[in-house]
Structure formats: C-alpha cells, structure tokens
Amino acid sequence: MAEVKNEILAKYKAKVFKGRKDHILEVDRSKEQVIAANARAIPGIMTNRGCCYAGCKGVVLGPLKDTLVLTHGPIGCGFYSWGTRRNKARSGPDGSNYVQYCFSTDMQEPDIVFGGDKKLKKAIEEGYAIFKPKRIMICSTCPVGLIGDDIHAVAAWAESEFGITCVAFSCEGYKGVSQSAGHHIANNGLMKRIIGTDDSDYPARYKVNLLGEYNIGGDGWETERILKKIGYSVVAVFTGDGALSDIARSHKADLNLVQCHRSINYVAEMMKSAFGTNWLKVNFIGLKAIAQTLRNIAEFFGESQVKERTEEVLEEEMAAISGDLGYYRERLSGRKAAIFVGGSRSHHYQDLLRDFGVTTVLAGYEFGHRDDYEGRRVIPDIKEDADSKNIENLVIDKDIRYRAILSPERAEELRATIGLENYEGMIKDMEDGTYVVDDLNHYETEAFVKFLKPDIFFSGIKDKYVIQKAGVLSRQLHSYDYSGPYSGFRGSLIFGQDLTMGLYAPAWKLIKAPWAAREGGEPLAPKGGEEDHA
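Please read these numbers as outputs of a predicted model, since none were measured by experiment.

Enquirer: Would you take a moment to explain helix H18 (residues 442-452) for this structure?
Expert: It helps to recall that an α-helix has 3.6 residues per turn; residues three or four apart then point in one direction. Looking only at H18, the buried set comprises His 442, Glu 444, Thr 445, Ala 447, Phe 448, Val 449 and Leu 452. Between the side-chain oxygen of the N-cap and the backbone nitrogen of Tyr 443 there are 3.1 Å, and the N-cap of H18 in question is Asn 441. Positive phi appears at Lys 453, one or two residues downstream of H18, with a value of about 50 degrees.

Pasting the structure below:
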C-alpha cells in the first residue's frame, strides 16, 4: 500500500512535497511512527481548516447559553456567530438562552481607519439594554488585532458600567496555525476569569464535569442522561448547553471527563494544577467505548455501589437496542470508511463504525497536534515554534482550595489500569496498512477516494459535496447533517439508521465516479441489491 502515498505525493512540486510528506502516514504498529502536525498549511492548498477565531468563538464559547458572546469585527466574520454547528441548548432557570442569536459589531471601512472601540462600546450598550445579560464575552477577529483596538479595556469598562462579568478574548483569526489556537485562548480565559469564582456548596455525591462536549444534535443530553441514570451529578458541561454560572463552580467536581482532547485538554490540566481535579479521557461514541468509559469512571470512584449500578445500566441500555442494532450491523458489515474531521471525532467514530462491522481505511484531523495522533507521551518531544509562542501558556499554582481526591498510590494504580490523565492517541487504535493524514486537502481527498475506494467518507461541510460528486456518500460529523444525537446507546442506533439510509439510497446507482468512467468500472451500488432502499 506504500505506493498509494508515493503516487499521491509524486504530483507535488519539490517544495510542496517536502512540506506534505511527513503529514501522511501508513500505519505500521510494529514500529514507532511520527507524524507532522500543527504546522501551517501550505499557501495555495485547499485546506479545510478554520481560523483561531473559529476555534474560540465557534467551538468553545459559542455553545454557552447564558452568555452574550459578541464578535468584534466585520459581519463576514460573523459566520461563526450563529447557526453553524447545531449546538443545542435549553433555557436556564432565568430563561436566558443566547445560542440562537447573532451578535456582531459589523465593522465597516471607517471603523478600520479610525478604530472600532467606540462601536464596540455602543454594541455592548445596545446588547445590555435589550437583553440585560449577566455575562458578555468579546471575541476579536483579524482586523481588530491589526488596528489595535483594546478590547480588554472595553471589557473592563463594561464591567464597571453595568456591574456584569465581561471577558475579552484576543482570538484574531491569524493567530496560531488553525482553530486549535482559539481553543487554547478560550481555555485560558475561562481559567483566569470564570472557573472557581463561585465557591458555594455543591452537596452531591459522585460529582463530575463533562469537558469537550458541545451538544451537537443533542449528544450532550444523551451522555448526561446515562451518567445521571447511574448516579453521577454533572456539575458543569464545557460547553454544549453549558452555562458560565455552572462553570464558575466546576472546581467542586471530583473528576473531569474529557471527551474532545484537543479543544479542552488545557482546562483539564490547569484544573488539575490549581484544584487537584483528576481527569479521565472518555468516549461516549461507540458501544464498546461507552461501556469501557463507564467502567473506568466507576473504577475511579471505586465504590461497589456505583460499579454495580454501572453494570445494571449497561445491561438495560444494550437490551433496549439489541434488536435494531443487529439489523443495521447486517446491512453495514464489510463496508469501508474514511474520516477527516476535527477534535477527537476522527478517533471516536472508528469505535462506532467497528460496532457495525465497518473498517476505517483513512483518518485524519483538521487541526490535531502530534499528541492527538501519537499519544500524550510525545508531548515533551514536541518543539515549540513561533506560532505556538503566540498563545499564552498559563503557569498555574495550587489554589488554596486544592484537594487531592486520590492518594498518590491509588492515582498511580489508576494510571496503569484505566489510563488516568493520559490519552494514547488515534494511531494506536488503527490497523496496519491504513492511512493517517494530517490537514488533508482537496487534491488528496480526491486521490485517496480513488485509490482506497471507501463506501463512505465522513467529513465537514466544506468538502462534503466534493466527495459526493465523486460518487461517494459523505456524512458530515461537525453538524451531523441535521440529525443526531450520535452519542450514547440510543445515538448509536440513529447513526446506524442514517448510514444505512445513505448507502442504500437509489441515487447512487445513477452516479458514476469519474475514475470508474475512465477505467470502465461500475458505478457504486449498495450491497444487498439495488431495489433495497432501506
């Protein structure tokens, strides 16, 4: 299979070849493999990445329901201000829910020339007059950083003027190499200004935070349902259907559950340093992965009561879906998939696909770092570059409220048994001969589809239709194509149903892939017969 990588790279000129060759890896688990990641995309290549602002506002802060998040910049940057990621949210106790609103200062040419700080103040005044929010967050875009508007001074003014919490995030799009930089900036702001600011009592047993869950299509609700059914109390969610009022007391939790490693690991590590809160990498996508995750959480708390209840819930949930699960597994078994999305999804969804007998032949991240691919053990070996130095690395000291939930001996035991505060990365779970590609571009997408011939390609909205025009079904895993949830046991069935409907749609017998036409091959057709339109 190595010839596939070589043939794809052979199309590049020497300079581009040099920049891309280490971003493409054929998995060989018999040896240590290193992949290039978190490097700037080559100019001119059709990358699928987002910017720093997209990571801060679009991913981490956007799902907060009790906070007016204001974009300071031209309205074009407001794409991530509203309606892009399907972050579902229910109104809080006070009735506030700002998720479906779009707030932007709509900077024009005169604001760029003469400064936009006055317009930002006016926008805050207008927003406060209409909504009376208790919290406002300001996210800056590229022009703001270039002209030098002091959004932090404006935030301080707003706090004094209105007696509210106002936090500014200098997340100009050009910072870092991708949206990953925005995740880091958002994490820093939450840690400096929000986490630990509410020290009121939280009298509950088995307290957890859910980190890196953005409630796409209702994923977080399904995950919370399962956790609460076992007996866990979810203190705060970062940040799907999340509230800053909950995040302010998130230091009261006993354990942080990290779903998306890339976007929220900074908070997990900083809370460990400040408050002693242990964290555990989890996965609520895929049946075997969910079961292992729930058993690991129960093992952390170590009490027979929670372990027994975990097994009861697992049995109940599996019994409720077993019949339909078998049907979809029969329909999907033997298929091949490719996955290229962000966060930890490229890893998590391989677990769910295995539940249906689907093999993943290609996977990659839009904005992953080496530790997302190779595991956290490589972090000391990652060299800091100029782009990384643009982002502040907070030095966190022990807070006076620091508390150790585990003894040192118990913590070491759990590191060895359940992977406490560790992540092994995606490559470890992939089969020999499959491919891992960082920052996959449009040319490489078309080439891999031609050579590997996946039955389905999971991607994002920017590249979904390019793939389908090539005759391959594509489902986007950033917003689930208006479906979901895919989390939990019930979500697994919805995923299986959506995948079955897509693959067995009669439209595919009418489409011939370009290379199939050239090579005299047959158009893609569903297994089980053309007339089966399940």
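So, next bit.
Enquirer: Before we go on, may I ask you to explain a nonpolar patch on the surface in this structure?
Expert: On the surface, a cluster of nonpolar side chains totalling about 630 Å² of accessible area is made up of Ile 112, Val 113, Phe 114, Leu 146, Ile 147 and Tyr 174. Secondary-structure elements contributing two or more residues to the nonpolar patch are helix H4 (109-114) and helix H6 (142-147). With 3 residues, H4 is the largest single contributor of residues to the nonpolar patch. As for its position among the elements, Phe 114 is in helix H4. Residue classification places Phe 114 among the exposed residues on the basis of a relative accessible area of 71%.

Enquirer: What should I look at first to understand the sheet that holds strand E7 (residues 255-258) in this one?
Expert: Picture the strands of a sheet paired through backbone hydrogen bonds; they go either parallel or antiparallel. As summarised here, the arrangement of the 4 strands in space is E6-E5-E7-E8, forming an open sheet in which the pairing is parallel. Of all the strands in the sheet, just strand E6 (233-239) and strand E8 (278-281) have a single pairing partner and so form its edges. Within this sheet the neighbouring strands show an average axis-to-axis angle of 25 degrees, counted without direction. Strand direction decides the pairing type here: strand E5 (residues 207-213) and E7, joined by 4 bridges, are parallel. The partner of Leu 211 across the bridge, within E7, is Val 258.

Enquirer: Help me understand the pattern of salt bridges, please; the structure alone is not making it clear to me.
Expert: Side chains bearing opposite charge may pair, as long as their charged atoms lie close to each other. Per the stated rule, a full pass over the model turns up 44 salt bridges. Between Arg 40 and Asp 387 there is a salt bridge, with its nearest N and O atoms 2.9 Å apart. Here Arg 40 is found in the loop between strand E1 (24-26) and helix H3 (52-61), whereas its partner Asp 387 is found in helix H16 (residues 386-389), with 347 residues between them in sequence. We classify Arg 40 as partly exposed; its relative accessible area is 49%. A salt bridge links Arg 335 to Asp 455; the shortest N-O distance between them is 3.4 Å. Here Arg 335, found in the loop between helix H13 (304-332) and strand E9 (336-341), pairs with Asp 455, found in the loop between H18 and strand E12 (456-459); they are 120 residues apart in sequence, far enough to count as distant.

Enquirer: Honestly, helix H7 (residues 151-162) in this entry has me stumped. Any pointers?
Expert: Helix length check: H7 (12 residues) gives 16 Å between terminal C-alpha atoms against 16 Å at 1.5 Å per residue, within 8%. Here H7 has its buried residues at Ile 151, Val 154, Ala 155, Ala 158 and Phe 162. Viewed end-on, H7 has its buried residues packed into an arc of 105 degrees, placing them on one side of the element. Its buried side turned inward, H7 meets strand E2 (68-72), helix H5 (117-131), strand E3 (135-140), H6 and strand E4 (165-169). Following H7 by one or two positions, Gly 163 adopts a phi angle in the positive range, close to 65 degrees.

Enquirer: It is not clear to me how the sheet that holds E4 should be interpreted in this structure. Could you clarify?
Expert: Here we have 3 strands laid out as an open sheet, ordered E2-E3-E4, and parallel in their pairing. Each edge of the sheet is formed by a strand with only one pairing partner; in this case those strands are E2 and E4. For this sheet, the mean angle separating the axes of adjacent strands, direction not counted, is 20 degrees. Alignment of E3 against E4, held across 5 bridges, turns out to be parallel. Note on E4: the bridge partner recorded for Arg 135 is Thr 165. The strands that H3 touches are E2, E3 and E4; relative to E3, the one it contacts most, it runs at about 150 degrees. Strands in contact with helix H8 (residues 179-193) are E3 and E4; relative to E4, the strand with the most contacts, it is inclined by about 150 degrees.

Enquirer: Please explain the nonpolar core as it appears in this structure.
Expert: For soluble globular proteins, nonpolar side chains are generally found buried alongside one another. One finds Leu 61, Met 137, Tyr 232 and Ile 297 to be the most contacted residues of the largest nonpolar core, which totals 96 residues. Residues within four places of Ile 297 in sequence aside, it is in contact with Leu 227, Tyr 232, Leu 255, Leu 257, Leu 280 and Phe 284. In this structure, Leu 9, Leu 440, Ala 447 and Phe 457 belong to the second largest nonpolar core, which totals 19 residues.

Cut-offs and rules
Residues numbered from 1 in each chain as written. Predicted model: local features only at pLDDT ≥ 70, side-chain atom pairs only at ≥ 80, totals over all residues. Heavy atoms only, no water. Buried < 20%, exposed > 50% of the residue type's maximum accessible area, 1.4 Å probe, protein only. Helix = DSSP H or I, 4+ residues; strand = E, 2+ residues; numbered from the N terminus. Polar contact = N/O pair within 3.5 Å; in protein donor to acceptor, adjacent residues only side chain to side chain. Patch = residues over 30% accessible without salt bridge, like charges linked within 9 Å, V, L, I, M, F, W, Y side chains within 5 Å. Areas by Shrake-Rupley, 256 points an atom, 1.4 Å probe, with all protein chains shown as cover. Salt bridge = Lys/Arg side-chain N within 4 Å of Asp/Glu carboxyl O. Pairing = 2+ DSSP bridges. Axes fitted to C-alpha atoms, helices over the stretch in contact; angles between N-to-C directions. Expected span 1.5 Å × (residues − 1). Arc of directions from axis to C-beta. Contact = heavy atoms within 4.5 Å. Core = buried A, V, L, I, M, F, W, Y, C linked by side-chain atoms within 4.5 Å.

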